Amino acid sequence: MRTVIELPQGNAALQREYLSALADSLCTEFAEDFCTQRHRNLAAQAIDLLITNYPDCPRWASMAVDQLT
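Residue positions are given per chain, counted from 1 along the sequence in the order it is written. With the structure being a predicted model, the display of local features is reserved for residues of pLDDT at least 70 and the display and counting of side-chain atom pairs for 80 or more, all residues being used for whole-chain, interface and lining totals. Only heavy atoms go into the side-chain values, all of them from the structure, while hydrogens and water stay out.

Caption draft 1: Just the overall build of the protein chain, in detail. Scanning the protein chain from N- to C-terminus turns up two helices and zero strands. For the protein chain, buried positions account for 7% of its 69 residues. Strands are runs of DSSP state E lasting at least two residues, helices are runs of H or I lasting at least four, and both sets are numbered from the N terminus onward. Burial here depends on accessible area, computed with a 1.4 Å probe over protein chains only, as a share of the maximum for the residue type. Under 20% is buried, over 50% is exposed, and the range in between is partly exposed.

If you want it as structure tokens, here you go:
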């Protein structure tokens, strides 16, 4: 949860720089969260496909599932 932080008073350039830094931080955080979630979803789909396509669980498929988890 984010907290509200007061902007530096006075210098407009300093305020713009501060807001730009906050925006960059937020974008980076959002991208990291999105990529992490996307990776989890793809890993789960790959595991499901390995189990479905190789129900006899050959060693290489088992190792792949272990690496994905």
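Caption draft 2: Molecular detail of the packing of aromatic side chains. Any pair of Phe, Tyr and Trp rings, taking the six-membered ring for Trp, is counted once the centres come within 6.5 Å. Such a pair is stacked with planes under 30 degrees apart, edge-to-face with planes over 60 apart, and tilted for the rest. Within the structure shown, the criterion is met by two aromatic pairs. Ring centres of Phe30 and Phe34 lie 6.4 Å apart, and the angle between their planes is 20°; this geometry places the pair in the stacked category. Taken together, the residues Phe30 and Phe34, both in helix H1 (residues 12–53) and four residues apart, mark about one turn of the helix. For Phe30, a relative accessible area of 59% translates into the label exposed.

Caption draft 3: Structural context of H1. In this model H1 runs 61 Å from its N-terminal to its C-terminal C-alpha over 42 residues, within 8% of the 62 Å that 1.5 Å per residue would give. At its buried positions, H1 is contacted by helix H2 (59–68). Here a helix's expected span is defined as the number of its residues, less one, multiplied by 1.5 Å. In this analysis, two residues are considered to be in contact whenever any of their non-hydrogen atoms come within 4.5 Å of each other.

Caption draft 4: Spatial organisation of unusual backbone geometry. For Cys57, which is not a glycine, the phi torsion comes out positive at approximately 55°. When you line up the elements, Cys57 lands in the loop between H1 and H2.

Caption draft 5: Structural detail: the environment of Trp60. Within the secondary structure, Trp60 sits in helix H2. On the basis of relative accessible area, Trp60 is assigned to the partly exposed category, the value being 48%. When near neighbours in sequence (up to four residues on either side) are disregarded, Trp60 contacts Leu50 and Tyr54.

Caption draft 6: Seen up close, the packing of H1 against H2. Between H1 and H2, the shortest axis-to-axis distance is 10 Å and the interhelical angle comes to 160°. Classified by the angle between their axes, H1 and H2 sit roughly antiparallel to one another. The element H1 and its partner H2 pack so that their crossing is left-handed. From H1, Ala43, Ala46, Ile47 and Leu50 reach across to H2, where they touch Trp60, Ala61, Ala64, Val65 and Leu68. The classification used treats Ala, Val, Leu, Ile, Met, Phe, Trp, Tyr, Cys and Pro as nonpolar, Asp, Glu, Lys and Arg as charged, and all other residues, Gly among them, as polar. Classifying every residue of the contact of H1 with H2 gives nine nonpolar, no polar and no charged. Structural elements are reduced to axes, namely lines fitted to C-alpha atoms, with helices fitted over the stretch in contact, and the angle between N-to-C directions of any two is expressed from 0 to 180 degrees. Orientation categories follow fixed angle ranges, with anything under 35 degrees roughly parallel, anything over 145 roughly antiparallel, 65 to 115 roughly perpendicular, and all other angles oblique. Crossings are assigned a handedness: left-handed for a near helix turned anticlockwise from the far helix by less than a right angle, right-handed for a clockwise turn.

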